[in-house]
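Given next are the chains, with one letter for each unit.
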Amino acid sequence: MAEWDPTDFDLLYYLEKLSDEEFQSFKNHLQQFMQQFGLIQIPSVNLARTQKELSKVLITSYESQHIWNMAYNIFLKLGKHDLCTKINRRQKLNKYFMKKKFQDLSEQGPFSGINYRFYCEVTEDVFYTLELSIDFTASSTGNLNVFLLGDGASGKSMVITTAVLEWTEGEMWRDTISYVVHLSSHEANEMTNCSLIQLIAKDWPNRLAPIGDILSDPEKVLFIFEDLDNIHFDFHMDESLLCSDSRQIVPISILFLSLLRRKMASGSWLLISSRPNCDPSIKTLMGEKDRCVFLELSEDDKEKYFDLFFKDKQKAEAAFAHVLENEILVDLCQVPVLCWIVCTVLKHQMDRGEDIRLSCQTPTDIYAHFLAGALTSEARITTNHHRLFLLNSVCLLAFQGLFQNTLNFCSIDLRNVGLTQEDIFLLQTTKILLQSSRPTSHYKFLHLNIQEFCAAVACLMAATDCSIPSAPENKRKEKRELYNDFSPVITFIFGLLNEKKREVLENAIGRRLPRVAYFGQNLLMLMRHLGNNPILLEHHMPLFYSLFENQKEELVKAIMSFFSEVTVHIHTYTDLMVSLYCLQHCHPLKTLKLCVQYNVENRYPAVKLTPRLSHFSVDTKFDNLFRSMVRNRNLTFLNMNHMPISLNTFSLLREILSGPTCSIQHLSFVNCHLQASACAEISSILISSRQLKKLTLSHNPVRDDGMEILCDAVLHPDCVLESLTLFHCCLTQHCAFHIANLLVLSRTLKHLDLCVNYLHDNGVQSLAVALSFAECQLQEIELSNCFLTSDICQHIASALIYHNLYLRRLELGHNNIGDAGVVPLCYALQHPNCKLEALGLEKCELTSACCQSLTFVLMSSKTLKTLNLSENNLGNEGARKLAEGLGHPACVLEALGALNAETQRLLMAVRQRNTRLVFLYQPCVIREGRQFSDFHSQPGSMKSNYTWQSVFFKVPRSFASTTGGTAVSGYPL
């Protein structure tokens, strides 16, 4: 390849090679090509007398690609083939610079030999897909975006490096791609603003890129954005901000999106790598025609690697069979570098004659053996003291790095933990540390899992304080270095609390980890605290994984004995396996909230749970586990909220709920988008189930047609339903007749919630008539926010006085009842026939004018225990009247809710005379069929702000020395 020559990019150099006559011809042709390319003709072009003047005018007036396109065509007309050749050879220089850049990166990889060759072999299909995507589309639509997705350390950078090197050798995209423009996340994060021209030129010496050549034919250009999830991009922006001028300097995020949307360089190709579990906004960038290539090792790839690594068919098969039997190890081997670690450890154990089924069960086992093997196998590490020093230093570096958001360490960082240059070389030799690819002067752990494991070891060692100079708080960190989830570290701590797993490391350094006993003592105290305060954990999966990592049955039983309520989220088969391992040891369990969002077909262990389960939510594809759990005789509440319910699901529910082993009494379908057509299926379930006492259908468009079907089902002789919740179900006054008929004829229904439905006075009048019948056995009715006025209250009052012996609770909140409506209600409440115990009148437009009537009720009613007057403007005058009634010796009221702070002060004196009375100051909240008069917070209604790491330990600013101080520990909060 020709040597780099700066004159290749100097327009003046080319013009000075022309004779005077040729220069004049050049200017003449220039006018013709300006018109041909649709460029604005500038008079100063004709006025330019010298080559220097013309060069300056062209560069300042036109974009580079237009200048070089015109120059090339004019030189061709003038027969200046040498100048045309000089322009053409600049394309080869791009391959030269890209080859140099990516060769430098490839030489810094952690592996060589069989590992590198294997990886190239198993990723051939990825290369083929990348090549086919671009080559195939080149002749059709163009503007293709290819997303290369893979987890951390899955080899995305290696694929890109290999692909670019293949291209430089003419093995990939030979006739499709002429130029490659590459931007790594590290480079992008160091930029603030950039133009397209600057982006293209950044890898060229002196930034002298043939911009004209490159942009003159954008269909021959491939832009590579590497590790998009690690770049500080703002993807939420108005697309009117996008730029079409390649010379304009804009924020790097605008430049990227402008390229992605082809506002500039239309026809070019984009290859974008990212981790799949990244910022959700990144996923919105993918268009329908974009290609996604997922990078992961298949089971065949793993088996092939085991064969290649062990070089012994029998050992390879035994090792691979062990991995396949352990879902945790299968997950580890998804990542090539972790697959190499697993193979390294298994081979070492098998060579020593160890039983890998006992010694290599969990990641803690794998990483403990890996570290121990690395420290003991290196000939230059000769003493236990040296091994202890190296382990202590590298573990301290790991923890402080995570705590200070640092995954790439400079030499000073390593020296601060006591490592010499020789120590660093030894750690690189043993593959514990590697040289970073970006920035190249830094070091990193072989994999983040190794750093997390070392950080866990550091927590159990008496380590001194140290700083990480490359991690100042004011330094802007790359996204991947922002480490916020210490759950893996905690999981490894649990693993190391198992003495058999811990001894692997302790034997290597000839010393016990000193803080194990301290952690163990505090751990049980913390677990008891979590068991007594279930709101501290949003769900228990991190704890379950930690206990599964420990594998010590005595500890698992002791910890699980503290929990009577557990929340489980199952997304993978591994989640299921880990959960069942822990739940079978949870004998006090009374409440299980289970959400399954993954289909694992028939692969599940036998479920052997003895507790009374009360909450269960599951994806309908998980039929076998569904049947197994729901048929548990202790399960009383099945929660299907917020799920799509198909006909198959209803069929499955009908089969299960009608079975003799089913004890489910409450079935909930909140916000399942159920319409009237689904009510026939629900009715079938109501009739066939002999145990179902409560049905919740809140936030479903059941409508009047569906209500009629449900009423007929509840009246069926085989239906035993006692509670029906229809909060916000799009009901109107037209279905009131069917509801009224239900109230009179049903012998089982005790509670009916019709809140937030368009019933109006006319509809509720029918219900009031039904309530007046002596045959009506309803005990609770909720009519909040049903668009009622004061006119309906006389009818309700009549129902309370005449014949009704059962009604105990009435909710009328959030209706425009006003003072006029309260008067007849108060008259009814004072009548000896009225047995009402709870009345909800929150936000009913009440004023002080009705308070005298309410006061008479407080003085005379022998049954009213709860009265909700929240969100009404009663004023001080009204409060004084209420105080008179509340302080009366005959007042039996126990709860008054929820008055404002000023009214509260006026009523506080009442507490001295009526010690039973409780003031409830928080206004009631309408949500998902919750009852209006339920003033206190419900279990699960508050989303926890705590994380597993925050309740496990408070991460300190420094380690404590052995002489004292605050250490990383399991302090109960």
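Because the structure is a prediction, the values reported are computed rather than measured.

Observations regarding the packing of helix 16 (residues 299–310) against helix 19 (residues 336–351)
When two helices pack together, their arrangement is captured by the angle between the axes and the distance separating the axes.
Then step 1. For the pair helix 16 and helix 19, interaxial distance at closest approach is 11 Å and the crossing angle is 45°. Relative to helix 19, the element helix 16 lies oblique. In this structure, the crossing between helix 16 and helix 19 has a hand that is right-handed. Residues Tyr305, Phe306, Phe309 and Phe310 of helix 16 form the contact with helix 19, whose participating residues are Cys339, Trp340, Cys343, Thr344, Leu346, Lys347 and Met350.
Then step 2. Looking at side-chain class alone, the contact of helix 16 with helix 19 contains 9 nonpolar, 1 polar and 1 charged residues.

A short note on the pairing of strand 2 (residues 179–183)
Then step 1. Of all 5 residues that make up strand 2, 5 are buried, and the element is covered over most of its length.
Then step 2. Residues Tyr179, Val181 and Leu183 line one face of strand 2 and the alternating positions Val180 and His182 line the opposite face, and both faces are buried.
Then step 3. Sheet topology note: the strand 2/strand 4 (residues 221–225) ladder contains 5 bridges and is parallel. Bridging across to strand 4, histidine 182 finds its partner in isoleucine 224.

Details of the packing of helix 34 (residues 676–688) against helix 35 (residues 703–714)
Then step 1. Where helix 34 meets helix 35, the axes come as close as 8 Å, and the angle between the chain directions of the two elements is 10°. If you check the angle between helix 34 and helix 35, you find them roughly parallel. On the side of helix 34, the interface is formed by Ala676, Cys679, Ala680, Ile682, Ser683, Leu686 and Ile687, while helix 35 contributes Asp705, Gly706, Ile709, Leu710, Ala713 and Val714.
Then step 2. Of the residues in the contact of helix 34 with helix 35, the class split is 10 nonpolar, 2 polar and 1 charged.

Some details on the packing of aromatic side chains
Then step 1. Counted according to the given criterion, the structure contains 19 aromatic pairs.
Then step 2. Consider the rings of tyrosine 483 and phenylalanine 486, whose centres lie 5.1 Å apart with planes at 85°: the pair is edge-to-face. Taken individually, tyrosine 483 and phenylalanine 486 each receive the classification buried, so the pair is uniform in this respect.
Then step 3. Considering the side-chain rings of phenylalanine 548 and tyrosine 581, the 5.2 Å spacing of their centres and the 85° angle between planes classify their relative orientation as edge-to-face. Of this pair, phenylalanine 548 sits in helix 29 (residues 541–550) while tyrosine 581 sits in helix 31 (residues 573–583), and the two are 33 residues apart along the sequence. In this pair, the class of phenylalanine 548 matches that of tyrosine 581, namely buried.

Quick notes on the environment of asparagine 816
Then step 1. Of note, asparagine 816 is situated in the loop between strand 19 (809–811) and helix 39 (818–830).
Then step 2. Between the C-alpha atoms of asparagine 816 and aspartate 791, which are 25 residues apart in sequence, the distance is 10.0 Å.
Then step 3. The residues contacting asparagine 816, other than those within four sequence positions of it, are Leu788, Thr789, Ser790, Cys844 and Glu845.

Focus on the environment of tyrosine 96
Then step 1. With respect to the helices and strands, the residue tyrosine 96 is situated in helix 7 (residues 90–106).
Then step 2. Looking at tyrosine 96, the relative accessible area reads 40%, which means it is partly exposed.

A look at the sheet that holds strand 2
Then step 1. Overall, parallel pairing links the 5 strands, which are arranged 2-4-6-1-7 in an open sheet. For this open sheet the edge positions go to strand 2 and strand 7 (291–294), each flanked by a neighbour on one side alone. Direction aside, neighbouring strands of the sheet carry axes that sit 15° apart on average.
Then step 2. Alignment of strand 1 (residues 145–149) against strand 7, held across 4 bridges, turns out to be parallel. Directly across from phenylalanine 147, in strand 7, lies its bridge partner cysteine 292.
Then step 3. The sheet contacts of helix 14 (residues 252–260) involve strand 1, strand 2, strand 4 and strand 6 (269–274), and relative to strand 6 the element is tilted by about 125°.

Some points on the side chain of arginine 387
Then step 1. Position of arginine 387 relative to the elements: it lies in helix 22 (residues 384–403).
Then step 2. Although buried, arginine 387 forms no salt bridge, and the nearest oppositely charged side chain, glutamate 378, lies 9.9 Å from it.
Then step 3. Within the structure, the side chain of arginine 387 is placed 2.8 Å from the side chain of asparagine 384, a separation counted as a polar contact.
Then step 4. Apart from the residues within four sequence positions on either side, arginine 387 is in contact with Leu375, Thr376, Ile381, Thr382, Ala508 and Ile509.

Quick word on a negative patch on the surface
Then step 1. A surface patch of like charges, here negative, comprises Glu299, Asp300, Glu303 and Glu317.
Then step 2. A per-element tally of the negative patch places helix 16 first, with 3 residues.
Then step 3. Within the secondary structure, glutamate 299 sits in helix 16.
Then step 4. Judged by its relative accessible area of 48%, glutamate 299 falls in the partly exposed class.

Things to note about the pairing of strand 6
Then step 1. Of all 6 residues in strand 6, 6 are buried, a share of seventy percent or more.
Then step 2. Side chains Trp269, Leu271 and Ser273 of strand 6 all project onto a buried face; the interleaved residues Leu270, Ile272 and Ser274 project onto the opposite face, where all are buried too.
Then step 3. Looking at chain direction, strand 4 and strand 6 are connected through 4 bridges and run parallel. Each residue of the ladder has a partner; that of phenylalanine 223, found in strand 6, is leucine 270.

Some remarks on the nonpolar core
Then step 1. Residues Phe306, Ile341 and Phe445 are the most contacted members of the largest nonpolar core, which totals 120 residues.
Then step 2. The element that contributes the greatest number of residues to this core is helix 22, accounting for 11 residues.
Then step 3. Excluding residues within four positions of it along the chain, isoleucine 341 makes contact with Ile366, Tyr367, Phe370, Leu446 and Ile450.

Here we look at the confidence of the model for the protein chain
Then step 1. Within the protein chain, residue pLDDT values average 82, and 81% of them lie at 70 or more.
Then step 2. pLDDT under 50 marks residues 954–973. Its contacts with residues more than four places away, or in other chains, come to 56 contacts.

Some thoughts on unusual backbone geometry
Then step 1. At asparagine 405, a position not held by glycine, the phi torsion is positive, near 55°.
Then step 2. You can call asparagine 405 buried: its relative accessible area is 19%.
Then step 3. Even without glycine at this site, valine 756 takes up a positive phi of about 55°.
Then step 4. Examined against the element boundaries, valine 756 turns out to sit in the loop between strand 17 (751–753) and helix 37 (760–771).

As for helix 34
Then step 1. For helix 34, built from 13 residues, the straight-helix expectation of 18 Å at 1.5 Å per residue is met to within 8% by its first-to-last C-alpha distance of 19 Å.
Then step 2. Buried residues of helix 34: Ala678, Cys679, Ile682, Ser683, Ile685 and Leu686, and no others. Along helix 34, the residues classed as buried sweep out an arc of 160° about the axis, all on the same side.

A word on the side chain of glutamate 226
Then step 1. Residue position: glutamate 226 is located in the loop between strand 4 and strand 5 (250–251).
Then step 2. Assessed through its relative accessible area of 1%, glutamate 226 is described here as buried.
Then step 3. Of note is the side chain of glutamate 226, whose polar atom sits 2.7 Å from the side chain of histidine 182.

Some words on the pattern of salt bridges
Then step 1. Within this structure, the stated rule accounts for 25 salt bridges.
Then step 2. Aspartate 355 is the salt-bridge partner of arginine 357, the closest N and O atoms lying 3.2 Å from each other.
Then step 3. In this structure aspartate 355 comes out as partly exposed when scored by relative accessible area, which is 31%.
Then step 4. Residue glutamate 782 is joined to arginine 809 by a salt bridge in which the shortest nitrogen-to-oxygen separation is 3.4 Å. Taken together, the residues span a long stretch of sequence, with glutamate 782 in strand 18 (residues 780–782) and arginine 809 in strand 19 at a distance of 27 residues.
Then step 5. For glutamate 782, a relative accessible area of 0% gives the class buried.
Then step 6. On the accessibility criterion, arginine 809 (7% relative accessible area) is buried.
Then step 7. Sharing partners across several salt bridges, the network here consists of Glu780, Glu782, Arg809 and Glu811.

The rules behind these values
- Residues numbered from 1 in each chain as written.
- Predicted model: local features only at pLDDT ≥ 70, side-chain atom pairs only at ≥ 80, totals over all residues.
- Heavy atoms only, no water.
- Axes fitted to C-alpha atoms, helices over the stretch in contact; angles between N-to-C directions.
- Helix = DSSP H or I, 4+ residues; strand = E, 2+ residues; numbered from the N terminus.
- Parallel < 35°, antiparallel > 145°, perpendicular 65-115°, else oblique.
- Left-handed = near helix turned anticlockwise from the far one by under 90°.
- Contact = heavy atoms within 4.5 Å.
- Nonpolar A, V, L, I, M, F, W, Y, C, P; charged D, E, K, R; others polar.
- Buried < 20%, exposed > 50% of the residue type's maximum accessible area, 1.4 Å probe, protein only.
- Pairing = 2+ DSSP bridges.
- Phe/Tyr/Trp six-rings, centres within 6.5 Å; stacked < 30°, edge-to-face > 60°.
- Lys, Arg positive; Asp, Glu negative; His and termini not counted.
- Salt bridge = Lys/Arg side-chain N within 4 Å of Asp/Glu carboxyl O.
- Polar contact = N/O pair within 3.5 Å; in protein donor to acceptor, adjacent residues only side chain to side chain.
- Patch = residues over 30% accessible without salt bridge, like charges linked within 9 Å, V, L, I, M, F, W, Y side chains within 5 Å.
- Areas by Shrake-Rupley, 256 points an atom, 1.4 Å probe, with all protein chains shown as cover.
- Charge placed at Lys NZ, Arg CZ, Asp CG, Glu CD.
- Core = buried A, V, L, I, M, F, W, Y, C linked by side-chain atoms within 4.5 Å.
- pLDDT = per-residue confidence, 0-100.
- Expected span 1.5 Å × (residues − 1).
- Arc of directions from axis to C-beta.

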